[in-house]
Amino acid sequence: MLSLSKLMKVWFVTFLALTLVVGCSSGNTNGNTGNSAANNGTSVSNEKPSESAKNEEKLDISIAVRYWGGSPSWTDDHPTIKYLNDKFNINIKLLQINGPDYDEKLKVMAASGDLPDLYNIATPSMYINWQAEGAFADLSTRLQNYPNLSKTFSEDDVAVRVLNPSDKLYGLPEISWIARDTIQIRKDWLDNLGLELPSADEFTIDKFYEIAKAFATQDANQNGIKDEIGFAIVPAVMTYPLKYAFGIANGWTEKDGQLIPQQIQVDEWKAYLTFLNKAYQEGVLDQDFALRNSNDVEEMIKGNRLGLFLFRNTYKQLVGEIKKTFPETEPEVIPMAPPIGPNGDRGNGGYNIGLTKTVINAKASDAKIDRILQILDWWVTEEGTSVMKNGIEGVHYEKNAQGEYVITDRWEPDMPRNLNSNLFHRPGTDFNIYLWSDEQDVLDHQEYEALAKKYVVLNEAMGLEFYSDTYQKKAADLDAKFETALLKIIVGDQPIEYIEQASAEWLAGGGDQIIKEINEAAAR
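Residues numbered from 1 in each chain as written. Predicted model: local features only at pLDDT ≥ 70, side-chain atom pairs only at ≥ 80, totals over all residues. Heavy atoms only, no water.

1. Thoughts on the overall build of the chain
Item 1. For the chain, the helix and strand inventory stands at 18 helices and 16 strands.
Item 2. For the chain, the proportion of its 524 residues judged to be buried stands at 54%.
Item 3. Considering only residue pairs separated by 6 or more positions, the chain has 77% of its internal contacts joining residues 24 or more positions apart.
Item 4. Split by element, the accessible area of the chain, about 23000 Å² in all, is 48% carbon and sulfur. (Helix = DSSP H or I, 4+ residues; strand = E, 2+ residues; numbered from the N terminus. Buried < 20%, exposed > 50% of the residue type's maximum accessible area, 1.4 Å probe, protein only. Contact = heavy atoms within 4.5 Å. Areas by Shrake-Rupley, 256 points an atom, 1.4 Å probe, with all protein chains shown as cover.)

2. A word on helix H16 (residues 439–454)
Item 1. In this model H16 runs 23 Å from its N-terminal to its C-terminal C-alpha over 16 residues, within 8% of the 22 Å that 1.5 Å per residue would give.
Item 2. Considered for burial, the residues of H16 that qualify are Val442, Asp444, His445, Gln446, Tyr448, Glu449, Leu451, Ala452 and Lys453. (Expected span 1.5 Å × (residues − 1).)

3. Brief notes about the pattern of salt bridges
Item 1. With the rule as written, the count across this model stands at 26 salt bridges.
Item 2. A salt bridge links Glu282 to Lys213, with the nearest nitrogen and oxygen atoms 3.3 Å apart. Here Lys213 lies in helix H8 (residues 205–217) and Glu282 lies in the loop between helix H9 (266–281) and helix H10 (294–302), a separation of 69 residues in the sequence.
Item 3. Measuring nitrogen to oxygen at the nearest pair gives 3.1 Å for the salt bridge that ties Glu298 to Arg312. Here the residue Glu298 occupies a position in helix H10, and Arg312 occupies one in the loop between strand E10 (308–311) and helix H11 (315–325), the gap between them amounting to 14 residues.
Item 4. According to the relative accessible area criterion, Glu298 is buried, its value standing at 16%. (Salt bridge = Lys/Arg side-chain N within 4 Å of Asp/Glu carboxyl O.)

4. With respect to the sheet that holds strand E11 (residues 333–335)
Item 1. The antiparallel open sheet is built from three strands, whose spatial order is E10-E7-E11. Of all the strands in the sheet, the pair left with one neighbour each is E10 and E11. On average, adjacent strands in this sheet sit at an angle of 35 degrees to one another, irrespective of strand direction.
Item 2. Packed onto the sheet, H16 meets strand E7 (182–186), E10 and E11 and runs at close to 125 degrees relative to E7. (Pairing = 2+ DSSP bridges. Axes fitted to C-alpha atoms, helices over the stretch in contact; angles between N-to-C directions.)

5. So, helix H18 (residues 498–522)
Item 1. Helix length check: H18 (25 residues) gives 31 Å between terminal C-alpha atoms against 36 Å at 1.5 Å per residue, more than 12% under.
Item 2. If you look at H18, its biggest bend is around 70 degrees, right at Gly510. (Bend = angle between axes of the 7 residues up to and from the residue.)

6. So, the pairing of strand E13 (residues 357–360)
Item 1. Because side chains alternate across E13, one face comprises the buried residues Lys357 and Val359, and the other comprises Thr358 and Ile360, equally buried.
Item 2. Sheet topology note: the strand E5 (residues 118–121)/E13 ladder contains four bridges and is antiparallel. Its bridge partner lying in E13, Tyr119 is registered against Val359.
Item 3. Inspection of the sheet shows strand E6 (residues 172–173) paired to E13 by two bridges, in the antiparallel sense. Bridge pairing in E13 places Pro173 opposite Lys357.

7. Some details on the environment of Thr75
Item 1. Here Thr75 lies in the loop between strand E3 (59–67) and helix H2 (79–88).
Item 2. Exposure remark for Thr75: the relative accessible area of 47% places this residue in the partly exposed category.
Item 3. Spatially, the C-alpha atoms of Thr75 and Gln96 are 9.7 Å apart, while their sequence positions differ by 21 residues.
Item 4. Of note is the side chain of Thr75, whose polar atom sits 2.6 Å from the side chain of Asp77. (Polar contact = N/O pair within 3.5 Å; in protein donor to acceptor, adjacent residues only side chain to side chain.)

Rendered as structure tokens:
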């Protein structure tokens, strides 16, 4: 049996290959980009969804979904609900729950024995505990009867298997960004200083430092004020992706057949901390980095003060915001391959995928489970995804005289993408790509995703932490102490060698037991 870490590597290679195949074969319709232009690594089946016995019996199906901010966006007569009710002979009761209250509301419903028929769980410990209590229908022997679902969520996919027992399948995973954030650079700042944009092979950690120092000291934004910052580390030293240039793990890595945490990679940390301490002492690293949060850094980027930074796929919108505030500038942001470290290491931080699961209530009848799986089997097809993301043609969008897709005035208030964004969607990152999306924007999105994934560094103990009682009880405090030690070293309050003590204290405080429990979980 493959270990989880080996399974993850096999899965990622397969997923990346599928991305390249789909990306190369994507096309347009009538000069407009459709959903097929951005499957983004998904193996999508377009077989006819299963339909059992013509669905003669009308069934009531309750669905819980989060909403974020403001008021719930869907009413009982929403066009998409009416569409689903008619197509599958059902009567949907939609329970819309404010995002921050979602888990607690589910717990109240569980206590009263009144959980919805279909919902998702984004808290792994809750998913593990509830499956042990029999809250979810087991789909392991059912999925094979739904060709699109079984192809889309293969039983040997690591995102499908994570958090599930080896012989059970209690939920279908959310799979979107494997890696999203990249190091990005203001090319116009490089131009201002007469510096060349480095290629992927030229972008070493030394080159990164050279550019950051130039930005911090040579008036890169040309406002005549020394207000630029070389680079900032937020939200934490333990997670900032420059560490991958020095061979530090994304949480956990495999060494000599055992999973080990980043906290015991003492030599790697020494090299990275030496780099960061130098940057701090020379004024290249933000002098207030320890006090910043992610919003602070984003405001510095938008405020034309930070030109080398970690950011997400929405960098084009970022350019627009900078230009709006500073109309005299011509900002140009370029996503970069991650910098190469002294031993050839580099990486973008990979997400822990598959930890959010869409589940079916174990109390649901066989007929209701079948009907729900029919819906999901249709949902992952091109037709289903189009309806659940773009909305209903003629209601939420239409074709104009030039054959181009355009939205109607119902698009924003109806928010037809609601369930696709907050309950379930087929794997991929195209959930914000629509029939009317600009063709160049779609291509830029695909190129960005390929860049982010190409250098991904995965957490090789993904999901296993939730099977370690010691990790659940002690990891947060242990990691906070370790992070504090890193900060002290960077600002010079402690020598580089202090990392040895910090690592030893992490192990003695419970880390040794965490390592033992994580490896035991991996061996199951």
